[in-house]
Amino acid sequence: MSNSKKEDPRTIRTKEMFKKSVLSLIGEEGYTISNLTVQKVAGKAGLNRTTFYLHYLDIEDLLTQVTQELVNDLSSRIFSLIQVKDLTEKQQLTQLLDFLYIHRNYLQTLFNLNQFEDQLFLQIRKLIEVRRENTEKDLPDDYVSIEIKTASLVGIIMWWIRKGIHYSSEYISDQIYLMYKV
């Protein structure tokens, strides 16, 4: 299908059903990628295997597309936050955490599959680099490196999604901001 054409609403709905199905199955006790089958995913979605193969090559293709969709959403969210000049850094961070909170169920599953951590790292790194470029040019030699800062932010986000989701995004933002300016 051409990129200029709009995707059929039925196709969007069907893909969303498969996405929810595979993430639900992986979230269940005992399911891993190796024991997922197209039949199980299609059955959970209430669809058939033929419909699955109209949209995906295999389970791995489905997971790759789901991961890429979230990465694209995250990337556009970060880009739009960087562009907003009237928000403070803390407000930008809180809005990013709000976005992650909304998608927490998918993220938790993707973190468990190790499909998403590297992508999240790259997106947060971009955010930090742009923020750094837009602020002071002459940083002290002992200033925390971008890699270390990114790793700690990703670690905090992963902990929050996995075990600390009862804390609000604003609370986590406050804690991060207290540690260092993002």
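Let me begin by describing the structure that accompanies this report. Only a predicted model underlies this, so the values are computations on that prediction, with no experimental measurement involved.

The rules behind these values
- Residues numbered from 1 in each chain as written.
- Predicted model: local features only at pLDDT ≥ 70, side-chain atom pairs only at ≥ 80, totals over all residues.
- Heavy atoms only, no water.
- Helix = DSSP H or I, 4+ residues; strand = E, 2+ residues; numbered from the N terminus.
- Buried < 20%, exposed > 50% of the residue type's maximum accessible area, 1.4 Å probe, protein only.
- Phe/Tyr/Trp six-rings, centres within 6.5 Å; stacked < 30°, edge-to-face > 60°.
- Axes fitted to C-alpha atoms, helices over the stretch in contact; angles between N-to-C directions.
- Parallel < 35°, antiparallel > 145°, perpendicular 65-115°, else oblique.
- Contact = heavy atoms within 4.5 Å.
- Nonpolar A, V, L, I, M, F, W, Y, C, P; charged D, E, K, R; others polar.
- Polar contact = N/O pair within 3.5 Å; in protein donor to acceptor, adjacent residues only side chain to side chain.
- Core = buried A, V, L, I, M, F, W, Y, C linked by side-chain atoms within 4.5 Å.
- Salt bridge = Lys/Arg side-chain N within 4 Å of Asp/Glu carboxyl O.
- Left-handed = near helix turned anticlockwise from the far one by under 90°.

Let us now look at the environment of Lys163. Position of Lys163 among the secondary structure elements: in the loop between helix H8 (146–162) and helix H9 (169–179). For Lys163, a relative accessible area of 63% gives the class exposed.

Next up on the list: the packing of aromatic side chains. Counting across every chain of the model gives 7 aromatic pairs. The interplanar angle of 35° and the centroid separation of 6.1 Å between the aromatic rings of Tyr101 and Trp160 together place this pair among those described as tilted. With Tyr101 in helix H5 (residues 89–102) and Trp160 in helix H8, this residue pair connects regions lying 59 residues apart in the sequence. A residue is classified by how much of its surface remains accessible, and Tyr101, at 33% relative accessible area, is partly exposed. Three or more aromatic residues joined by ring pairs make a cluster, and in this case those are Phe18, Phe52, Tyr53 and Tyr56.

The contact between helix H1 (residues 9–27) and helix H4 (residues 59–83) brings their axes to 10 Å, and the two run at 100°. As judged from the angle between their axes, H1 and H4 are roughly perpendicular. Only Leu62, Leu63, Gln65, Val66 and Glu69 of H4 make contact with H1, whose side of the interface consists of Lys15, Phe18, Lys19, Val22, Leu23 and Ile26. Looking at side-chain class alone, the contact of H1 with H4 contains 7 nonpolar, 1 polar and 3 charged residues.

It is worth spelling out the side chain of Lys19 at this point. With respect to the element layout, Lys19 can be found in helix H1. Classification of Lys19 as buried rests on a relative accessible area of 5%. A distance of 2.6 Å separates polar atoms of two side chains, one belonging to Lys19 and the other to Glu69. The contacts of Lys19, once residues within four sequence positions are left out, are Leu62, Val66, Glu69 and Tyr106.

Next up on the list: the nonpolar core. Counting residues in each nonpolar core, the largest one holds 47 residues, and the members touching the most others are Val41, Leu100 and Phe116. Elements represented by at least two residues in this core include exactly H1, helix H2 (38–45), H4, H5, helix H6 (104–112), helix H7 (117–134), H8 and H9. Per element, the largest residue contribution to this core is 10 residues, and it comes from H4. In this view, Phe116 contacts Thr67, Leu70, Val71, Leu74, Leu107, Leu110 and Phe111; residues no more than four positions away in its chain are not counted.

As a further point, take the pattern of salt bridges. Summed over the entire model, instances satisfying the criterion amount to 5 salt bridges. Notably, a salt bridge pairs Lys15 with Glu7, separated by 3.3 Å at the nearest N-O pair. Put simply, Arg125 and Glu147 hold a salt bridge, and the shortest N to O gap is 2.4 Å. Remark: Glu147 occurs in helix H8 and Arg125 occurs in helix H7; sequence separation between them is 22 residues.

Okay, the environment of Trp160 next. Of the residues examined, Trp160 reaches a relative accessible area of 0% and is grouped as buried. In this structure, Trp160 is in contact with Leu97, Leu100, Tyr101, Ile165, Tyr167, Ser168, Ser169 and Ile172, ignoring residues within four places of it in sequence.

Right, let's get into the packing of H4 against H5. Contact geometry of H4 with H5 gives a least axis separation of 10 Å together with a crossing angle of 160°. Between H4 and H5, the interaxial angle falls into the category roughly antiparallel. As H4 runs across H5, the sense of the crossing is right-handed. Residues Asp73, Leu74, Arg77, Ile78, Leu81 and Ile82 of H4 form the contact with H5, whose participating residues are Gln92, Gln95, Leu96, Phe99 and Leu100. Residues of the contact of H4 with H5, tallied by class, amount to 7 nonpolar, 2 polar and 2 charged.

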